[in-house]
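This is what each chain is made of:
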Amino acid sequence: MADELKPAYLIHGDDEAKIDAWRRRLRARAQAEAAEASLEVLRGEELTAEATVAAIGALTLGAGRRYLLADGVQRWKDPHVKQVAAALADIPPDTVIVLLSSGDAPAALVKAVEKAGGEVHAGAAPKAAAYPGWATKRAQELGVGLDREAAQALVAQAARDKKNKIRQHTLVRELEKLAVFVGEGATIDVEAVEAVTTSAIESRIFDLADAIIEGDSSRALRVAEDLRDHDDDIMHILFAMVRQVRNCRRAWTLLAAGTSAQDIQADLGQLPWIAKQTIAQARRADPERVERALDLLAELDWQIRGGGDLDVESALTLTVSAAASDPRAVA
């Protein structure tokens, strides 16, 4: 995001890493301007056309810039796009709208953003053969090298979706762990890849816990569905989720007490690269959602062991959806 900000940005396509980078960049900018800026995020069930239009037109009571992130606009139908397009024509001063679409955005929305003086950024995921080079560039951004054989090995074992497309989130997470493992300025070789990378199931379970902790119900449900489709054991999924959410709660408690990251890593007893991810997760966590998620996972355990009337798949879906929701929005 350039220093000379446009009133609106639309980022769309299936390049997950690019979309994630925009999320992080926007949050970092809003945090850096914390005393003079605000950030409102709409996603999941909250991301309706009506809510977006209302948020675009809302006037801020404080001084400074106001950021609005509409995350997941690919779900909007033509009538919804028409509503939002009309609102984009009259964006209030000192307001910046960022629209994220996983997949191609509606053409009318592209035109509306451009007409409003905004920018449109499209990003397509690499073809399968180009992923080793893509991974090498991501490694360089993390301050490490990635040799050719290691890049090929990493891509070969990367988690994939139903269409056999590589899951970029998981691949980037593996690179982050490897970067911590080898240290800044070093080069990741195939031995490091073999020593550090986790199985696809473990990576997907971490993704699921991460989505729940961040309150991203859409992503949480997608990951849960993927786990079910791969016939992964439900108790394995449950125990792994509970373990990770508990570690996040512990890290959050220690952070709130002013404990250093090094001491938190030692307290968690996790491998360094996993502990680093858990601490980062805790910094983003809503403690109320974390506590509620643990309660719901305990109830899911009871359901799975025969205490409820729902089948296992339905119980998992309902639990994940509820756990990732805003606890303050639940009666």
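Please read these numbers as outputs of a predicted model, since none were measured by experiment. Numbers given for residues are sequential positions, taken from 1 along each chain in its written order. Owing to the predicted nature of the model, reporting of local features is limited to residues with pLDDT of at least 70; listing and counting of side-chain atom pairs is limited to 80 or more, with chain, interface and lining totals taken over all residues. Note: side-chain values were computed over all heavy atoms of the structure, leaving out hydrogens and water.

## Focus on the overall build of the protein chain
Secondary structure follows DSSP: runs of H or I at least 4 residues long count as helices, runs of E at least 2 residues long count as strands, and numbering of each begins at the N terminus. For the protein chain, the helix and strand inventory stands at 15 helices and seven strands. A compact globule built from 331 residues would reach a C-alpha radius of gyration of about 20 Å, and the protein chain, at 21 Å, matches this within 12%. Taken along the three principal axes of its C-alpha coordinates, the protein chain extends 55 × 50 × 45 Å. Taking all 331 residues of the protein chain together, the buried fraction comes to 47%. Taking contacts inside the protein chain between residues at least 6 apart in sequence as the whole, the part at least 24 apart equals 76%. Here the protein chain has roughly 16600 Å² of accessible surface; of this, 50% comes from carbon and sulfur atoms. Only C-alpha atoms enter the radius of gyration; for comparison, a globular chain is expected to reach 2.2 Å times N to the power 0.38, where N is the number of residues. When accessible area is computed with a 1.4 Å probe and restricted to protein chains, residues below 20% of their type maximum are described as buried, those above 50% as exposed, and intermediate ones as partly exposed. We call two residues in contact whenever any of their non-hydrogen atoms come within 4.5 Å of each other. Residue-level accessible areas treat just the shown protein chains as cover; the underlying method is Shrake-Rupley with a 1.4 Å probe.

## So, the environment of A105
Tracing the backbone shows A105 in the loop between β4 (95-102) and α4 (107-115). Among residues more than four places away in sequence, those in contact with A105 are L10, H12 and V110.

## Some remarks on the packing of aromatic side chains
We call Phe, Tyr and Trp rings a pair once their centres come within 6.5 Å, taking the six-membered ring for Trp, and we label the pair stacked below 30 degrees between planes, edge-to-face above 60, and tilted otherwise. Counted under the stated rule, the structure contains two aromatic pairs. Ring geometry for Y9 and W22: centres 5.4 Å apart, planes at 45 degrees, overall tilted. Taken together, the positions of Y9 in strand β1 (residues 8-13) and W22 in helix α1 (residues 16-32) put the pair 13 residues apart, joining distant regions of the chain. For the pair Y9 and W22, a shared accessibility class is recorded, and that class is buried.

## So, the sheet that holds strand β3 (residues 65-71)
The strand order across the open sheet built from five strands is β2-β3-β4-β1-β5, with neighbouring strands paired in parallel fashion. Whereas interior strands pair on both sides, the edge strands pair on one side only; in this sheet they are β2 (37-43) and β5 (119-122). Neighbour-to-neighbour, the strand axes of this sheet turn through a mean angle of 15 degrees, independent of strand direction. For two strands to be treated as a pair, DSSP must find at least two bridges joining them. Here β3 runs beside β4; their pairing, made up of six bridges, is parallel. Pairing of L68 across the sheet is with I97, part of β4. Lines fitted to the C-alpha atoms define the axes, with helices restricted to the stretch that makes contact. Angles between their N-to-C directions range from 0 to 180 degrees.

## Here we look at the packing of helix α7 (residues 168-182) against helix α13 (residues 272-284)
Two elements in contact, α7 and α13, have axes separated by 8 Å at closest approach and are oriented at 120 degrees. With respect to α13, the axis of α7 lies oblique. The interaxial crossing formed by α7 with α13 has right-handed handedness. Along the contact surface, α7 presents R173, E176, K177, V180 and F181, while α13 presents W273, K276 and Q277. Classes in brief: Ala, Val, Leu, Ile, Met, Phe, Trp, Tyr, Cys and Pro nonpolar; Asp, Glu, Lys and Arg charged; the others, Gly included, polar. When its residues are assigned to classes, the contact of α7 with α13 shows three nonpolar, one polar and four charged. Each angle receives one of four descriptions, namely roughly parallel if under 35 degrees, roughly antiparallel if over 145, roughly perpendicular if within 65 to 115, and oblique otherwise. We call a crossing left-handed when the near helix sits turned anticlockwise from the far one by less than a right angle, and right-handed when that turn is clockwise.

## Describing the pairing of β1
Of all six residues making up β1, six are buried, and the element is well covered by its neighbours. Across the two faces of β1 the burial is the same, with A8, L10 and H12 and Y9, I11 and G13 all buried. Pairing geometry for β1 and β5, over four bridges, is parallel. Paired with Y9 across the two strands is E119, which belongs to β5.

## Some points on the nonpolar core
Among soluble globular proteins, nonpolar side chains are generally buried collectively. We define a nonpolar core as any set of buried Ala, Val, Leu, Ile, Met, Phe, Trp, Tyr and Cys residues linked to one another through side-chain atoms lying within 4.5 Å. Counting 40 residues, the largest nonpolar core has L208, M241 and V245 as the members making the most contacts within it. Elements represented by at least two residues in this core include exactly α9 (200-214), α10 (217-229), α11 (234-256), α12 (261-268), α13, α14 (287-307) and α15 (312-323). Filtering out sequence-adjacent residues up to four positions away, V245 remains in contact with A209, I213, V290, A293, L294 and L297. Core analysis: the next-biggest nonpolar cluster, separate from the first, contains 23 residues, V81, V84, L99 and A105 among them.

## Some points on unusual backbone geometry
A positive phi angle, near 60 degrees, is found at D94, a position not held by glycine. As for its position among the elements, D94 is in the loop between α3 (78-88) and β4.

## With respect to the pattern of salt bridges
Any two side chains of opposite charge can pair if their charged atoms end up close together. Salt bridges are defined by distance alone: a side-chain nitrogen of Lys or Arg within 4 Å of a carboxyl oxygen of Asp or Glu. All told, the structure shown has 16 salt bridges when counted by the stated rule. For the salt bridge of D210 with R219, the shortest nitrogen-to-oxygen distance reads 3.4 Å. A relative accessible area of 5% places D210 in the buried class. E214 serves as the salt-bridge partner of R219, at 3.9 Å between the closest nitrogen and oxygen. Salt bridges linked by common partners bring R173, D207, D210, E214, D216, R219 and R284 together as one network.

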